[in-house]
Each structure stands twice: as C-alpha cells, then as structure tokens.
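# Architecture and fold: a report
One-letter residues, chain by chain:
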Amino acid sequence: MDPAGLTRLPVEAVPARYLVGSGDVLFRYRSESNTACALDDRFREPALAILPLFILRPKREVVLPEFVAWAINLPRAQRHCDRFARGTNMRMIPRAVLSDLEVTAPGLDVQRRVVVCDGLARRERTLSIQAAE
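One structure accompanies this document, and this report is about it. (Residues numbered from 1 in each chain as written. Predicted model: local features only at pLDDT ≥ 70, side-chain atom pairs only at ≥ 80, totals over all residues. Heavy atoms only, no water.)

## So, the overall build of the protein chain
Filter applied, for reference: Numbered from the N terminus, helices here are DSSP runs of H or I no shorter than four residues, and strands are runs of E no shorter than two. A simple rule labels every residue: compare its accessible area, found with a 1.4 Å probe on the protein chains alone, to the largest value its type can have, and call it buried under 20%, exposed over 50%, or partly exposed in between. In what follows, residue pairs with any heavy atoms lying within 4.5 Å of each other are defined as contacts. For the accessible areas, the method is Shrake-Rupley and the probe is 1.4 Å, while residue cover comes only from the protein chains on display. Counted as positive: Lys and Arg. Counted as negative: Asp and Glu, with His and the chain ends omitted from the count. Just so you know, the charge point we use is NZ for Lys, CZ for Arg, CG for Asp and CD for Glu.
Within the protein chain, the secondary structure is distributed over four helices and five strands. Across its three principal axes, the protein chain shows a C-alpha extent of roughly 45 × 40 × 35 Å. Within the protein chain, buried positions represent 29% of all 133 residues. Across the protein chain, the fraction of contacts at a sequence separation of at least 24, relative to all contacts at a separation of at least 6, is 69%. As presented, the protein chain carries roughly 9300 Å² of accessible surface, and 56% of it is formed by carbon and sulfur atoms. Averaging the locations of the 20 positively and 16 negatively charged side chains of the protein chain gives two centres separated by 4 Å.

Structure representation (structure tokens):
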C-alpha cells in the first residue's frame, strides 16, 4: 500500500486505536477476498483506518509485520478464513477466526528472507505479465 495514493481529509479528534502507521498490518475482513497488507516505512504520518479493516499490531521483536501479512495471504490461511466466513452477499470474517489462525514464525532472519523472496516472486509475476502483453 502506497501512502502517496491516500486521500487527505481534515478530521476531528480520532481515537488512537483507529490510526495506523509503519509496522501495522491491515486485514480486509469484509470483501470477496480477505487479504492482509503490512504498512511499511513510507507511512511517516498516521493514517485513519476505517471499516472493513482489522488492524493488527505485531510485536516486531517477535514477528515482522510483512511476515504476518504473507502468512495470512497463504492459501492455507485463506482456506481457514473461507471455512468460517459469514454472509452470502458479502463475505465477512469474524475477528475470532483470525485470532484462531495459527502461524508458525521462524526466527526474524528467516522471516526477512521469506519476505524478500515473496517480494521477488511478486515482481517476477508482474514482469511476466508485462512481457506477455
């Protein structure tokens, strides 16, 4: 997510729990696809996260935010969410379903390598699509 593309609006006092920034993970709980993204260091100012987003605040000394987002977006985690999704028109994932999701987190060095490899794989997909076009 690129903060440069966000809309700036004047708002009154906002409770801190709705403000997000670098290191937070956003999860779309009401959507056709329930994916997560980590907010990186480009988020220098707090941003307001509104529904339908869960804000996850990983302990960075234990798990990298990018690793949490990667793990949530894995097919196994997505199947877990699909199994407990509610609603027929618009799928909704209850917070408890996300809380029950088990994620095995290796050491921070391995997490960093996983995140780098994932970024390279996404870049490769983008370039392959561009080359095909």
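## Description of the packing of aromatic side chains
The description of an aromatic ring pair rests on the distance of the ring centres and on the angle between the ring planes. Rules: Note on ring pairs: Phe, Tyr and Trp rings are taken, using the six-membered ring of Trp, and paired if centres are within 6.5 Å. Classes follow the plane angle, with under 30 degrees stacked, over 60 edge-to-face and the rest tilted. Lysine NZ or arginine CZ positioned within 6 Å of the ring centre and within 35 degrees of the ring normal marks a charge as sitting over the ring.
Per the stated rule, a full pass over the model turns up three aromatic pairs. With a centroid separation of 4.3 Å and 20 degrees between ring planes, the pair formed by Tyr29 and Phe54 is classed as stacked. Placement of the pair is Tyr29 in the loop between strand 2 (25-28) and strand 3 (36-38) and Phe54 in strand 5 (residues 53-56), with a sequence separation of 25 residues. Exposure class is identical for Tyr29 and Phe54. Each is buried. Ring centres of Phe67 and Trp70 lie 5.2 Å apart, and the angle between their planes is 40 degrees; this geometry places the pair in the tilted category. With Phe67 and Trp70 both in helix 1 (residues 65-73) and three residues apart, this pair spans about one turn of that helix. Note on Phe67: relative accessible area 2%, which makes it buried. Judged by its relative accessible area of 25%, Trp70 is partly exposed. Through pairs of rings, three or more aromatic residues link up here, namely Phe27, Tyr29 and Phe54. Here the guanidinium or amino end of Arg95 rests over the ring plane of Phe54, the centre of that ring lying 4.2 Å away.

## Let's talk about the layout of surface pockets
Filter applied, for reference: Of the two site types, the cavity is a set of points on a 1 Å grid over the protein atoms alone where a 1.4 Å probe fits but cannot get out, and the pocket is an open set with protein on both sides within 12 Å along at least five of seven lines, each lined by residues with an atom within 4 Å of a point. Grid points are joined across faces, edges and corners, and a volume is the space filled by probe spheres set on the points. Each residue is assigned to one class: nonpolar for Ala, Val, Leu, Ile, Met, Phe, Trp, Tyr, Cys and Pro, charged for Asp, Glu, Lys and Arg, and polar for all the others, Gly among them.
Here the largest pocket is characterised by a volume of approximately 630 Å³. What lines the largest pocket is a set of 22 residues, and nearest its centre among them are Leu6, Thr7, Pro46, Ala47 and Leu48. Of all the secondary structure elements, the ones that give two or more residues to the lining of the largest pocket are strand 1 (19-20) and strand 4 (47-48). Partitioning the lining of the largest pocket into residue classes produces 17 nonpolar, one polar and four charged. Counted as a void, the second largest pocket has a volume near 500 Å³. Lining the second largest pocket are 16 residues, with Glu66, Ala69, Asn73, Asp118 and Arg122 positioned closest to its centre.

## Looking at helix 2 (residues 75-84)
For an α-helix, 3.6 residues make a turn, and residues three or four places apart therefore share a direction. Definition in use: Starting at the helix axis, one direction is taken to each C-beta atom, and the arc is that of these directions.
Taken together, the buried positions of helix 2 are occupied by Ala77, Gln78, His80 and Cys81. Burial along helix 2 is one-sided: seen end-on, the buried residues are contained in an arc of 155 degrees. Opposite the buried face of helix 2, at more than 90 degrees from it, the exposed residues are Pro75, Arg79 and Arg83. Of the surrounding secondary structure, the elements contacted by the buried residues of helix 2 are strand 2, helix 1 and helix 3 (95-99).

Such coordinate-based values are descriptive only and should not be taken to indicate function.
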